[in-house]
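# Close look at the chain arrangement
In case you want the letters, here they are:
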Amino acid sequence: MNEVCFKNLDKKKCYSLKVYEQSGGYSIWRKILKGELTPEEIIDELKASGLRGRGGAGFPTGLKWSFMPRNASMQKYVVCNSDEGEPGTCKDRDILRYNPHAVIEGMAIGGFVMNASVGYNYIRGEFMEPFKRFEGALKEVYKAGLLGKNIGASGVSFDLHTHLGAGAYICGEETALLESIEGKKGQPRFKPPFPANVGLFGQPTTINNTESFASVPEILSQGGQWFADIGVENSGGCKLFSVTGHVQKPSNFEVPMGIPFKDLLEMAGGIKKGRKLKAVIPGGSSTPVLTAEVAMEMTMDYDGIEKAGSMLGAGSVIVMDDSTCMVATLTRLAHFYYDESCGQCTPCREGTGWLYRVLKRIMDGDGKADDIDLLLGVSDKIMGNTICALGDAAAMPVESFLRNFRPEFEYYIKHGKSMVKG
Amino acid sequence: MISNQAKKQIDVWVAKYPIGRQSSAVMEALKIVQAENENRLSADIIQAVADYLDMPSIAAQEVATFYENYNHKSVGKHTIRICHNISCMLNGADDLVKYLEKKLGVKTGKVTKNGLVNVKKVECLGACVGAPMFQIGEQYYENLTKQKIDEIVDNLK
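Residues numbered from 1 in each chain as written. Chains lettered and ligands numbered in written order. Predicted model: local features only at pLDDT ≥ 70, side-chain atom pairs only at ≥ 80, totals over all residues. Heavy atoms only, no water.

## Structural notes on the sheet that holds strand β2 (residues 118-123) of chain A
Residues and elements named next belong to chain A. Taken in spatial order, the four strands of this open sheet run β3-β2-β1-β4, and their pairing is parallel. Two strands in the sheet have a free side with no partner beyond their single neighbour: β3 (159-164) and β4 (205-209). Neighbour-to-neighbour, the strand axes of the sheet open up by a mean angle of 20°, direction not taken into account. (Pairing = 2+ DSSP bridges. Helix = DSSP H or I, 4+ residues; strand = E, 2+ residues; numbered from the N terminus. Axes fitted to C-alpha atoms, helices over the stretch in contact; angles between N-to-C directions.)

Below is the structure:
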């Protein structure tokens, strides 16, 4: 446990340059500055490690980095996505607070591999404590002469800046995030062109999640195979899981991929006293909900969770006990997507409003017999019909809540109240 | 319209972006001037920011109305931004919203008579392991209880 991003968590001032360097930090970056590592070697190690994007999409990081036209002469950028805002997700906040240097080193390495001399870390506007921690860490590395132009006459340049968000979940979508850095509304772009060709300020850009970047230095220090062996087939390494909801000890756990869900639940102290597990959302609010029976048999890796009928997402495990009203829970989630839809695509802009209003009417006791079909119809019309994944993210919970807990919705519509006594 | 001190702060952000891309700093510029104007924006202030960053007024207005962190109506000296999304909801956030409304004598969205506080329900603030939680200013307050809320809110000046 806690072998990569949380490696120094138990040490005093674990966020300082001193502690980071004492545990081997910046050794890979120093090797690069001495000319001892090539971009190809780094990409090979990352591919061997099995590291997949930790923000939710799970795209192999090494492969992503290889897509950048590194030999093209134009300005290129690396961008870190620290716009953490998916309900249930709170791991990047802790990485920024407790291990900012791993993010900085990971981004610098990425800059070298992709021949991008400038990076931006997009931190959500509410994260002022993590922002200040990260800024403090940046000051330390600049003072130590590890960032800048032609660093130590190595011929390598890398400048890193922060950009703060201002409260919009959609900016976690990578092209909306780029729009936002450009000082615009965070509305996702059409793809193609993909950011690797036309990204920030129209230049080739690669965007990775905070946890992905923070994992890179340790992977390169210990070797890709070492990381791969921590996890399981197709899901290399360890992963941060945020276990929240009805558990005794909610926390972030960095554990090997493939750990059984029931072990993770036990690490979080189990379900609150006198209660029974009812449902689990394994990867953040956008991923389908699972029943207790299915969840208890599931392993926490990309394939294991997919087999159970959901997705690993950002590793945000939301646990619900038998006091949970699924109608109220889905209504809250529907409100979230209604609130956060950027308004660009009609199916999402209108559909999320329909989903929320129909659920609200059920909650108000005014549900109609065909409302369940209406909800399914609306979510089906959003699914796959929008520029970005927010539409799908709004639709998937609806379909899975209704499939797994349909009697609760029927009861609510018929009786005008919840069948669950909280 | 924009103080010299605010201009200095804005310039720090402008310097982060390529030359000619100063409008990238608009999000922070709006926050900086908002903080100097009783935590709210007006059409004049948005215009002033647009002028300072040499960008079209409509582009600054789009940003000011798209993102949640900008206020266009009066708010209290302190805004209590309480998360009501799933992990906080499962841990009693709805009760705490009601408790805050009763304690302060105002509904969410309204400002207390003395202008000190308003309560706003917000979506996930990314501190779910510390649910239920709220934010006042830059500070997060986690694992809230009614007693803890009393201590925090009673000390707001």
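## Examining unusual backbone geometry
Residue and element names in this part refer to chain A. The omega torsion across Pro192 and Pro193 is 0°, close enough to zero to call that bond cis. Summarising the element assignment, Pro193 is placed in the loop between α8 (174-181) and β4. Look at Lys13: it is not a glycine, yet its phi comes out positive at around 45°. Relative to the elements of secondary structure, Lys13 occurs in the segment before α1 (17-22).

## Quick notes on the sheet that holds strand β4 (residues 139-141) of chain B
All names here are of chain B. Across the sheet, four strands lie side by side as β2-β1-β3-β4; this open sheet has mixed pairing. Because the sheet does not close on itself, it has two edges, and the strands there are β2 (117-122) and β4. Pairs of neighbouring strands in the sheet enclose a mean axial angle of 25°, with direction left out of account. Bridge count for strand β1 (residues 78-83) against strand β3 (residues 134-136) is three bridges, and the pairing is antiparallel. Paired with Ile82 across the strands is Phe134, a residue of β3. Helix α6 (residues 93-104) contacts β1, β2 and β3 of the sheet and is inclined by roughly 155° relative to β1. (Contact = heavy atoms within 4.5 Å.)

## A short note on the environment of Ser154(A)
All names here are of chain A. With respect to the element layout, Ser154 can be found in the loop between α7 (128-143) and β3. Among the residues examined, Ser154 registers a relative accessible area of 24% and is labelled partly exposed. Taking C-alpha positions, Ser154 is 60 Å from Gly377, a pair spaced 223 residues apart along the chain. At a separation of 2.6 Å, a polar atom in the side chain of Ser154 contacts the main-chain carbonyl oxygen of Ile151. (Buried < 20%, exposed > 50% of the residue type's maximum accessible area, 1.4 Å probe, protein only. Polar contact = N/O pair within 3.5 Å; in protein donor to acceptor, adjacent residues only side chain to side chain.)

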